[in-house]
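# Chains, contacts and geometry: an overview
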Amino acid sequence: MIYILFFVILIGLIINELSKYYVLEDLSFHRYFSKKLIEPGEEFFIEIVIENKKIIPVTFLQVVEELPGALDYKFKVDKIRTKNFLYHTMTFFILPFQRIRRKYLATCYKRGRYIFGNVELLGGDFFGLKVKTKSLNYMQDIIVLPKKMDIEEGLIPYGDYHGDISVKRWIIEDPTMIIGVKEYTGREPAKTIHWPLSLKHGELLVKNFDFTFENNVMILLNVECSKPYWLNMDEEGIEKCISIARGVAEAFNEKKIPFGFSTNSLIYGFSRDENTIYPGIGEAHLYLLLEYLGRVSYNVNLPFEETIKRFFRTGNLLISTFVIITPYVLKEYIPIINTLDTEFTKVIVISINSDNFPYLSERILKYEVKKDKNVAYIS
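Residues numbered from 1 in each chain as written. Predicted model: local features only at pLDDT ≥ 70, side-chain atom pairs only at ≥ 80, totals over all residues. Heavy atoms only, no water.

## Some words on helix α5 (residues 235–254)
Since the α-helix turns once every 3.6 residues, residues separated by three or four places project in the same direction. As a reminder, the rule being used: Elements are defined by DSSP. Helices are runs of H or I of four residues or more, strands are runs of E of two residues or more, and each kind is numbered from the N terminus. Given the number of residues in a helix, its expected span is that number minus one, multiplied by 1.5 Å. Burial classes follow relative accessibility: with a 1.4 Å probe on protein chains only, a residue under 20% of its type's maximum area counts as buried, one over 50% as exposed, and anything between as partly exposed.
With 20 residues, α5 extends 29 Å between its outermost C-alpha atoms, agreeing within 8% with the 28 Å of an ideal straight helix rising 1.5 Å per residue. Among the 20 residues that make up α5, 17 are buried, leaving the element largely enclosed by the rest of the structure.

## Some points on helix α6 (residues 283–295)
Taking 1.5 Å as the rise per residue, α6 with 13 residues should run 18 Å; its terminal C-alpha atoms sit 18 Å apart, in good agreement. Restricting attention to buried positions, one finds in α6 the residues His-285, Leu-286, Leu-289, Leu-290, Glu-291, Tyr-292, Leu-293, Gly-294 and Arg-295.

## Considerations on unusual backbone geometry
Here the residue pair Lys-227 and Pro-228 is connected by a cis peptide bond, since its omega of -15 degrees sits within 30 degrees of zero. A positive phi is found at Asp-26, a non-glycine position, where the angle reads about 50 degrees. Along the polypeptide, Asp-26 turns up in the loop between α1 (2–22) and β1 (27–33). Positive phi values are uncommon outside glycine, yet Phe-97 reaches one of about 55 degrees. For Phe-97, the location among the structural elements is in the loop between β7 (85–94) and β8 (99–107).

## Regarding the pairing of strand β17 (residues 217–221)
Using the following cut-off: Being paired, for any two strands, means DSSP has found at least two bridges between them. With the strands pointing away from the viewer, any crossover whose connection runs clockwise from the first strand over the helix to the second is right-handed.
For β17, the buried fraction is high: 5 of the 5 residues fall into the buried class. Burial along β17 is two-sided: the residues Val-217, Ile-219 and Leu-221 and Met-218 and Leu-220 are all buried. Sheet topology places β17 next to strand β18 (residues 259–263); 5 bridges connect them, and they run parallel. Within β18, the residue paired with Ile-219 across the bridge is Phe-261. Handedness of the crossover joining β17 and β18 through α5: right-handed. Relative to strand β22 (residues 321–326), β17 runs parallel, the two sharing 5 bridges.

## Here we look at the side chain of His-285
Basically, it comes down to this: Any two residues whose heavy atoms approach within 4.5 Å are treated as being in contact.
Position of His-285 among the secondary structure elements: in helix α6. The exposure class assigned to His-285 is buried, which follows from its relative accessible area of 13%. Among residues more than four places away in sequence, those in contact with His-285 are Phe-259, Ile-277, Tyr-278, Pro-279 and Gly-280.

## Focus: the sheet that holds strand β12 (residues 140–144)
Cut-off, in case you're wondering: Every axis in this analysis is a line fitted to C-alpha atoms, fitted for helices over the stretch in contact. Angles between the N-to-C directions lie between 0 and 180 degrees.
In spatial order, the strands read β2-β12-β9; together these 3 strands make up an open sheet with mixed pairing. Taken across any chain shown, the strands that pair with only one partner, and hence form the sheet edges, are β2 (37–38) and β9 (112–116). Sitting on the sheet, α6 is in contact with β2, β9 and β12, with an inclination near 95 degrees to β12.

## With respect to the packing of aromatic side chains
What counts here: Here a pair means two rings of Phe, Tyr or Trp (six-membered ring of Trp) with centres within 6.5 Å. Their orientation is stacked below 30 degrees between planes, edge-to-face above 60, and tilted elsewhere. Note on geometry: a ring has a charge over it if NZ (lysine) or CZ (arginine) is within 6 Å of the ring centre and within 35 degrees of the ring normal.
Enumeration according to the criterion identifies 8 aromatic pairs in this entry. Summarising the aromatic geometry, the rings of Phe-29 and Tyr-138 are spaced 5.6 Å apart at their centres and angled 75 degrees between planes, so their arrangement reads as edge-to-face. Taken together, the residues span a long stretch of sequence, with Phe-29 in strand β1 and Tyr-138 in the loop between β11 (131–136) and β12 at a distance of 109 residues. For the residue pair Phe-29 and Tyr-138, the accessibility class agrees, reading buried in each case. We note Lys-103 situated over the ring of Phe-45; from NZ or CZ to the ring centre the distance is 5.1 Å.

## Let's talk about the packing of α5 against α6
Operational definition: Any angle that is under 35 degrees is reported as roughly parallel, and any over 145 degrees as roughly antiparallel; angles of 65 to 115 degrees are reported as roughly perpendicular and all others as oblique. Classification convention: Asp, Glu, Lys, Arg as charged; Ala, Val, Leu, Ile, Met, Phe, Trp, Tyr, Cys, Pro as nonpolar; all other residues, Gly among them, as polar.
Look at α5 against α6: their axes get within 10 Å of each other, and the N-to-C directions meet at 175 degrees. As far as their axial angle goes, α6 and α5 are roughly antiparallel. Listed contacts from α6 to Ile-242, Ala-245, Arg-246, Ala-249, Glu-250 and Asn-253 of α5 are Glu-283, Leu-286, Leu-289, Leu-290 and Leu-293. Across the contact of α5 with α6, the residue classes break down as 7 nonpolar, 1 polar and 3 charged.

## So, the environment of Leu-266
With respect to the helices and strands, Leu-266 occurs in strand β19 (residues 265–267). Overall, Leu-266 belongs to the partly exposed group, its relative accessible area being 25%. Between the alpha carbons of Leu-266 and Val-223 there is a distance of 9.5 Å; along the sequence they are 43 residues apart. When sequence neighbours within four positions are dropped, the list of residues in contact with Leu-266 reads Arg-272, Arg-295, Val-296, Ser-297, Asn-299 and Asn-301.

## Comments concerning the pattern of salt bridges
Heads up, the rule is: Salt bridge, as applied in this entry: a Lys or Arg side-chain nitrogen positioned within 4 Å of an Asp or Glu carboxyl oxygen.
Per the counting criterion, the structure on display carries 16 salt bridges. The shortest N-O distance in the salt bridge between Arg-246 and Glu-39 comes to 2.8 Å. You can see Arg-246 sitting in helix α5 and its partner Glu-39 sitting in the loop between β2 and β3 (44–52), a full 207 residues away along the chain. For Arg-246, a relative accessible area of 7% translates into the label buried. For Arg-113, the salt bridge identified is with Asp-141, shortest N-O distance 2.8 Å.

Structure follows, in structure tokens:
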């Protein structure tokens, strides 16, 4: 009996020694998310998979994950917090050719990009006294989307020319509404010819719609709040503008009107030049725009006037409607915004502050954000 016990102890010591030397060999670690784009407050799963692909067991393995500290983790985990990060530690004993999965729930209520950082593996003997370490460059991120603002409830028309027609009607134009007739120039589609009135007046007349017949839209989001921009960084105002941009984009997508997006923000995770999405339509296009909005930062890439000027230099891009969403209409913006307003281009300006609205062209449609937060957002 003593010999059997001695043999078992000897085998255990041999396995323990082998495990110390080969503990991190043929050992894989993977991390997955149930979703990459998350609504504010929406729960999602973080799953880790560890697999031992060798015949020798891993007698001691400690996994340390660097996680974003701003997230709320629902599962009870071993957590060490610092100012910006949370270090989640797990300890395992893994049999030969065993795969271990662990899942835990998390959520976040604030829009933004959240980085899941490096992973450190520490393996050694059964008692964890002698360990080997291996750092994995395992940078991943999830994007928490902005809340969507209901543009019907959240915006107030500036001036009295809108009458009783809804905000959405003036931003998302109705192609069936005719405001009169005009002389046929040869450029209008034949189906727009008003035949009864043409016969009556002895000349070709076409239906005059209140928007460009082939409509496409560029949404311009400004995050600059002052000159220079660092003197006043109105984070709450910028967040409202981002929420409005989402509401407007989803409305255009619902109406199947091609829309694009551009901003003067530095977008987290993208290069300085990746701040424009050209007009398109469909769920994949909207998905990309929502990801951009989730990644938008408060840092200004270039003055907003320069953002607008880029579209004057792009001769092959024809935009029928510009929707400008900005915390403030600074006086420096007035000339360039007025230049956008032409016979062939419609301009809509949405701002949290209307102080400089009177200096904009009368033809530009202007909207101010309501102060009451309770009616502005869709949960």
